[in-house]
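Overview (structure and organization)
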Amino acid sequence: GAVVSQHPSRVICKSGTSVKIECRSLDFQATTMFWYRQFPKQSLMLMATSNEGSKATYEQGVEKDKFLINHASLTLSTLTVTSAHPEDSSFYICSARDLAPRVDGQYFGPGTRLTVT
Amino acid sequence: AQSVTQPDIHITVSEGASLELRCNYSYGATPYLFWYVQSPGQGLQLLLKYFSGDTLVQGIKGFEAEFKRSQSSFNLRKPSVHWSDAAEYFCAVGSYSGGGADGLTFGKGTHLIIQP
């Protein structure tokens, strides 16, 4: 149980275009999902917290107009990288917190490798 | 602000030897601590977590960790490593808000290499 999927797993796009990444909780409901970014051989940095039915909360330094987050249902959150540039190339990882109250932390998706050319 | 320090970027251990990965945290309240493992091309897998109670926690794959408040540490240990343990290990800290952990702060990770 507690599986989180991400789609696509890899994407290559041209500079200036937008890319949407989906994060789904497959066997549980998640009112809260988190988006992280991981640069090569570095740690994960929290970008934003996504709450179902409300606006996302962005961490300091993260451009909310560039990284659009939508959490339209209890099982789906999307991250759209708008007007992507090569510096946005990174590994994007989502995690989801189970609606059922338990002290289990977060369940992580497998990540999406974005390459902007 | 909360932070996590993993002082060892790389650690090399012989197969069958014991392992200890260090983690120090800075957090204003009772921390919610985690160890995750990330294999190449794989997502993060939770090894163990600590929120309260017994300060020695057992996890999956034979790992354990000990929470030491006085040292602000949460070191990960395994008595005998296997070649399959080679991976990147991340320590993380977060706050707990009723339904679970909030967004986590991760350390930079420790790359574990297993020698035959």
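Presented here is an overview of the structure given in this document. (Residues numbered from 1 in each chain as written. Chains lettered and ligands numbered in written order. Predicted model: local features only at pLDDT ≥ 70, side-chain atom pairs only at ≥ 80, totals over all residues. Heavy atoms only, no water.)

The next thing to look at is the sheet that holds strand β7 (residues 67-73) of chain A. Residue and element names in this part refer to chain A. Spatial strand order, β1-β3-β8-β7: four strands in an open sheet with antiparallel pairing. The sheet is open, and its two edges are formed by β1 (4-7) and β7, each paired on a single side. Along the sheet, successive strands turn relative to each other by an average axial angle of 15°, direction set aside. In this sheet, strand β8 (residues 76-81) lies alongside strand β3 (residues 19-25) in antiparallel orientation, the contact comprising six bridges. Looking across to β8, one finds that Cys-23 is bridged to Ser-77. (Pairing = 2+ DSSP bridges. Helix = DSSP H or I, 4+ residues; strand = E, 2+ residues; numbered from the N terminus. Axes fitted to C-alpha atoms, helices over the stretch in contact; angles between N-to-C directions.)

This part is about the pairing of strand β11 (residues 112-116) of chain A. If a strand is regular, its side chains alternate between the two faces of the sheet. Residue and element names in this part refer to chain A. Burial along β11 is one-sided: the face carrying Thr-112, Leu-114 and Val-116 is buried and the face carrying Arg-113 and Thr-115 is not. In the sheet, strand β2 (residues 10-13) pairs with β11 via four bridges, with the strands oriented parallel. Of the residues in β11, the one forming a bridge with Cys-13 is Val-116. Where strand β9 (residues 90-97) lies against β11, three bridges are found, and the strand directions are antiparallel. What sits directly across from Phe-91, in β11, is Arg-113. (Buried < 20%, exposed > 50% of the residue type's maximum accessible area, 1.4 Å probe, protein only.)

Residue and element names in this part refer to chain A. Every second residue of β1 is oriented toward a common face, the buried set being Val-4 and Gln-6 and the non-buried set Ser-5 and His-7. In the sheet, β1 pairs with β3 via four bridges, with the strands oriented antiparallel. If you follow Val-4 over to β3, its bridge partner there is Ser-25.

Following the criterion strictly, the structure yields seven salt bridges over all chains and no others. Two residues, Asp-102 of chain B and Arg-97 of chain A, come together in a salt bridge whose shortest N-O distance is 2.9 Å. A residue pair is termed interchain when its members come from two chains, as with Asp-102 of chain B in the loop between β10 (87-94) and β11 (105-106) and Arg-97 of chain A in strand β9. What you see here is one network of salt bridges that share partners, running through Glu-64, Glu-66 and Arg-77 of chain B. (Salt bridge = Lys/Arg side-chain N within 4 Å of Asp/Glu carboxyl O.)

The next thing to look at is the packing of aromatic side chains. Residues and elements named next belong to chain B. A full pass over the atoms with the stated rule returns 15 aromatic pairs over all chains. Between Phe-34 and Tyr-36, the ring centres sit 5.9 Å apart and the planes meet at 25°, which makes this aromatic pair stacked. Residue Phe-34 shares its accessibility class with Tyr-36, and that shared class is buried. Ring geometry for Phe-90 against Phe-106: centres 6.2 Å apart, planes inclined by 85°, an arrangement best described as edge-to-face. Here Phe-90, found in strand β10, pairs with Phe-106, found in strand β11; they are 16 residues apart in sequence, far enough to count as distant. For the pair formed by Phe-90 and Phe-106, the shared burial category is buried. (Phe/Tyr/Trp six-rings, centres within 6.5 Å; stacked < 30°, edge-to-face > 60°.)

Let us look at the environment of Met-45 of chain A. All names here are of chain A. Mapping Met-45 onto the fold places it in strand β5 (residues 44-51). Distance in space between the C-alpha atoms of Met-45 and Thr-75 is 22 Å, their sequence separation being 30 residues. Met-45 has contacts with Trp-35, Tyr-36 and Arg-37, leaving out every residue within four places of it along the chain. (Contact = heavy atoms within 4.5 Å.)

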